[in-house]
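Chains, contacts and geometry: an overview
Each chain, written out:
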Amino acid sequence: MTACSPQVNNGWPIIEWDPADIIRPSSNDTPPDYALLILNQPIHNHVGMIKTLWNNASFRIAADGATNCLHDVAGAHSDPSFDNLDVIIGDLDSISLVARAYYETPPRRTSVIYHRDDYSTDFAKAVEHIRQRFTPPPPSSKPPKDIVAVGSLGGRVDHGLSQLHHLYLYQTDPDYRNGKMYFFSGESLTFMLKAGRKHIIRVRDDCPTGEESDDVFAKWVGILPVKEPSVITTKGLEWDVTDWPTEFGGQMSTSNHIRPETQVVEIETTKDVLFTMSLRQT
């Protein structure tokens, strides 16, 4: 999932993505390596998928009140699915006494970290903790740890925009040397495509004739400019574009479709854009 030194194609450095790895049940041969960050949003509608993400993750952290969400859907019902929570972090003003006591009681070994910073959200504190803990110092060749954040774009608009803002804020390096970040919002997976790069996104594996597909993504995708207008070129979508200007207040590629035969979507972008695709509902 993590980019190394990017290849170059016609002047465009190439960044490769294989997001299905984080969603499919993991294989013992090639387990994914990412930190799962749970945000303070209801998760009861997507518990099955979150359990898969949880089991695939190599590190699990809850941002303050998100601990209540985990406890409400599992711990309160004697379900140990989320007992192996590694860290709770934040100013701890939202976590309930019941949820905190649950995770501080053996055999659970959750570390509770009080981190007060009035100018930093709990989302930001959790990301900073992961980065500080797992980013190898130079000249190490070990890849950094990717982050999958679980939140919601439903409910309050300001909360949803804040989560997308953090996705943008913490994905600054054009070659993803701090690791990639994904945002899981129940029905879709969203990530940032950095400017001046050709992004190769695997959306479907080659399925031999006669075998049933294990696709995890549905057909809908969107490519959204975030900070400033961009010019994009796409390949593999039903409505591909070439050198196409996109901006808020202008034209945007929303509700586009992945073609049935497409295995990889290719996107070139002159400025940062959000790429979002819907998950197949099972």
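So, a few notes on the structure that sits alongside this text. (Residues numbered from 1 in each chain as written. Predicted model: local features only at pLDDT ≥ 70, side-chain atom pairs only at ≥ 80, totals over all residues. Heavy atoms only, no water.)

1. Considerations on the packing of aromatic side chains
Within the structure shown, the criterion is met by eight aromatic pairs. A centroid spacing of 4.9 Å and a plane angle of 65° characterise the contact between W54 and F82, whose relative ring orientation is edge-to-face. Within this pair, whereas W54 is found in helix α2 (residues 47-56), its partner F82 is found in the loop between α3 (66-73) and β5 (87-90), the two being separated by 28 residues in sequence. Each ring, one from F59 and one from F134, has its centre 5.0 Å from the other, and the planes form 65°; the classification is edge-to-face. Taken together, the positions of F59 in strand β4 (residues 59-63) and F134 in helix α5 (residues 122-134) put the pair 75 residues apart, joining distant regions of the chain. (Phe/Tyr/Trp six-rings, centres within 6.5 Å; stacked < 30°, edge-to-face > 60°. Helix = DSSP H or I, 4+ residues; strand = E, 2+ residues; numbered from the N terminus.)

2. Re the sheet that holds strand β11 (residues 217-225)
Strands in a sheet are paired, the pairing made by backbone hydrogen bonds, and the direction either parallel or antiparallel. The 10 strands are arranged β6-β5-β4-β3-β7-β8-β9-β16-β11-β14 in an open sheet whose pairing can be described as mixed. The sheet is open, and its two borders are formed by β6 (111-114) and β14 (253-257), each paired with just one other strand. Averaged over all adjacent pairs, the angle separating strand axes in this sheet is 20°, with direction ignored. Across six bridges, the pairing between β11 and strand β16 (residues 273-279) is antiparallel. Opposite G222, over in β16, you have T276 as the bridge partner. Docked against the sheet, α3 engages β3 (34-38), β4 and β5, running at close to 110° with respect to β4. Most of the contacts of α5 go to β4, to which it runs at about 155°, and overall it touches β3, β4, β5, β6, β7 (146-150) and β8 (181-184). (Pairing = 2+ DSSP bridges. Axes fitted to C-alpha atoms, helices over the stretch in contact; angles between N-to-C directions. Contact = heavy atoms within 4.5 Å.)

3. Quick word on the packing of α3 against helix α4 (residues 97-104)
The angle between the axes and the distance between the axes are what describe a pair of packed helices. Running from N to C, α3 and α4 cross one another at 75°; their axes reach a closest spacing of 9 Å. Relative to α4, the element α3 lies roughly perpendicular. Contact with α3, carried on its side by T67, N68, L70 and H71, involves V98, A99, Y102 and Y103 of α4 and no other residues of that element. (Parallel < 35°, antiparallel > 145°, perpendicular 65-115°, else oblique.)

4. Comments concerning the nonpolar core
Within the largest apolar cluster, 51 residues are counted, with the highest numbers of intra-cluster contacts made by L36, L70, I201 and F275. Aside from chain neighbours lying at most four places away, what touches I201 is W17, P19, F191, L193, Q263, V264, V265, I267, F275 and M277. Counting residues in hydrophobic clusters, the runner-up holds 21 residues, among them L39, V87, I147 and Y170. (Core = buried A, V, L, I, M, F, W, Y, C linked by side-chain atoms within 4.5 Å. Buried < 20%, exposed > 50% of the residue type's maximum accessible area, 1.4 Å probe, protein only.)

5. Focus: empty space enclosed by the protein
Here the structure, examined in full by the defined rule, presents one cavity of 30 Å³ or more. When its volume is computed, the largest cavity comes out at roughly 30 Å³. Considering the residues around the largest cavity, the lining is formed by R131, Y170, Q171, T172, D173, Y176, R177, N178 and G179. Residues belonging to the lining of the largest cavity are distributed by class as follows: two nonpolar, four polar and three charged. (1 Å grid on protein atoms, 1.4 Å probe; cavity = no way out; pocket = protein on both sides within 12 Å on 5 of 7 lines; lining within 4 Å. Points joined across faces, edges and corners; volume = space filled by probe spheres on them. Nonpolar A, V, L, I, M, F, W, Y, C, P; charged D, E, K, R; others polar.)

6. Observations regarding the pairing of β7
Among the five residues of β7, five are classified as buried, and the element is accordingly described as predominantly covered. Bridge count for β3 against β7 is five bridges, and the pairing is parallel. Bridge pairing in β7 places Y34 opposite D146. When β7 meets β8, the two strands line up parallel, connected through four bridges. Bridging from a neighbouring strand, V148 pairs with Y182 of β8. Regarding topology, helix α6 (residues 157-169) serves as the crossover connection from β7 to the parallel β8, and that connection is right-handed. (Right-handed = clockwise from strand over helix to strand, strands pointing away.)

7. Some points on the side chain of K194
Mapped onto the elements of the fold, K194 is located in the loop between β9 (188-193) and β10 (197-202). The exposure class of K194 is buried, given its relative accessible area of 6%. A distance of 2.8 Å separates a polar atom in the side chain of K194 from the backbone oxygen of Q171. Among the polar contacts made by the side chain of K194, one reaches the main-chain carbonyl oxygen of T172 at a distance of 3.4 Å. In contact with K194, other than residues within four places in its own chain, are Q171, T172, D173, P174, Y176, H199, T269 and D272. (Polar contact = N/O pair within 3.5 Å; in protein donor to acceptor, adjacent residues only side chain to side chain.)

8. A short note on the side chain of H257
Structurally, the position occupied by H257 is in strand β14. By relative accessible area, H257 is classed as buried at 14%. At a separation of 3.4 Å, a polar atom in the side chain of H257 contacts the side chain of W220. Beyond its immediate chain neighbours, meaning those up to four positions away, H257 contacts K219, W220, V221, G236, L237, E238 and W239.

Spatial relationships are all this shows, so hold off on functional conclusions.
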